[in-house]
Amino acid sequence: MAEAPAPHPVAISDDGAIRTITVQRPDKLNALNAATLQALAEAFSDAAADPAVRVVVLTGAGPKAFVAGADIAEMNTLSAVQGRDFSLLGQALMRRIERMPKPVIARVNGFALGGGLELAMACHLRIAADSAKVGQPEINLGLIPGFGGSQRLLRLCGRAATLELCLLGTPLDAARALALGIVNEVVPAAELDARVQALARQLAQSAPLALRGLLDAVHVGGECSLDAGLEYESAQFGLLFATEDMREGTSAFLQRRPPAFQNR
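Residues numbered from 1 in each chain as written. Predicted model: local features only at pLDDT ≥ 70, side-chain atom pairs only at ≥ 80, totals over all residues. Heavy atoms only, no water.

## Focus on the packing of aromatic side chains
In this structure the tally under the stated criterion is two aromatic pairs. A centroid spacing of 5.3 Å and a plane angle of 65 degrees characterise the contact between Phe86 and Phe147, whose relative ring orientation is edge-to-face. Residue Phe86 is located in helix H3 (residues 80-98), and its partner Phe147 is located in the loop between strand S8 (133-135) and helix H5 (149-168); the two are separated by 61 residues in the primary sequence. Since its relative accessible area comes to 5%, Phe147 is described here as buried. Residues Phe237 and Phe241 carry aromatic rings whose centres are separated by 5.1 Å and whose planes lie at 70 degrees to one another, so their mutual orientation is edge-to-face. (Phe/Tyr/Trp six-rings, centres within 6.5 Å; stacked < 30°, edge-to-face > 60°. Helix = DSSP H or I, 4+ residues; strand = E, 2+ residues; numbered from the N terminus. Buried < 20%, exposed > 50% of the residue type's maximum accessible area, 1.4 Å probe, protein only.)

## Here we look at the nonpolar core
Counting 45 residues, the largest nonpolar core has Leu40, Phe44, Leu58, Phe66, Leu93, Leu119 and Ile182 as its most contacted members. Among the elements of the structure, strand S2 (18-23), helix H1 (34-49), strand S3 (55-60), strand S4 (65-67), H3, strand S5 (104-108), helix H4 (115-122) and H5 are those that each provide at least two residues to this core. Per-element tally for this core: the top contributor is H1, with seven residues. Within the second largest apolar cluster, 14 residues are counted, among which are Ala129, Val196, Leu199 and Leu203. (Core = buried A, V, L, I, M, F, W, Y, C linked by side-chain atoms within 4.5 Å.)

## Examining the sheet that holds S2
Pairing within the open sheet is mixed, and its six strands lie in the order S1-S2-S3-S5-S7-S10. Looking at the sheet topology across the chains shown, the edges are occupied by strand S1 (10-15) and strand S10 (185-187). Between one strand axis and the next, the sheet turns by 20 degrees as a mean value, whatever way the strands run. Bridging between S1 and S2 involves six bridges; their strand directions are antiparallel. Residue pairing in the sheet places Val10 in a bridge with Val23 of S2. Across the sheet, helix H7 (residues 192-204) lies against S1, S2, S3, S5, strand S7 (125-129) and S10, angled at about 180 degrees from S5, the strand it touches most. (Pairing = 2+ DSSP bridges. Axes fitted to C-alpha atoms, helices over the stretch in contact; angles between N-to-C directions. Contact = heavy atoms within 4.5 Å.)

Right, dumping it as structure tokens:
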């Protein structure tokens, strides 16, 4: 008897303008193998291209893990060249998420270790349950982070914390992750869904073109000089004066009513 095909590693659901992308390998604690990385890349490309989607929530299936890391069983079989290709595949996904023109919220519901933390750090906001744990334990496997962990940690929380996480490989609890700036907010596990949905709804009601301009400005500014970043910000600011949403937003403020942004 032929074996049943493996379930698709990524589930997608929509709630109005909010798209939820879920890594669904709960039996593997949602570990990232090559097929999952490719499926996530496709899911984010589709979300970026879909005008009905204004915000994306990324999470992991099951009660234990957001993503517990890369798939160690798969990595154990790779050659040096294949290992580099696997790293490049993961890094390409993280850059795709980081450069999304729409806000991406990581719903960190459990373990976010190794590739899981790298995946969360590529998102624009990270909301963690108080039971979550984060870390870069690759040193315990004779490896270093391969999906951008050493670089994004450095930019998020500085040299000392990056060296602590990567050299020691010891997971941190959610409270310490918040103190270091790795996550934006920590809430009781029972309140995680409500908090993430509230933030997603708020973002879905914001002006999409302004959100895109802001994401672009922060991304560009993080990779260039202050003068160049300020010039880019001014250019984006000026461009928004050509949008109907800017007229709607300013008119709504003056008329003391909620704005109705149309992505125009």
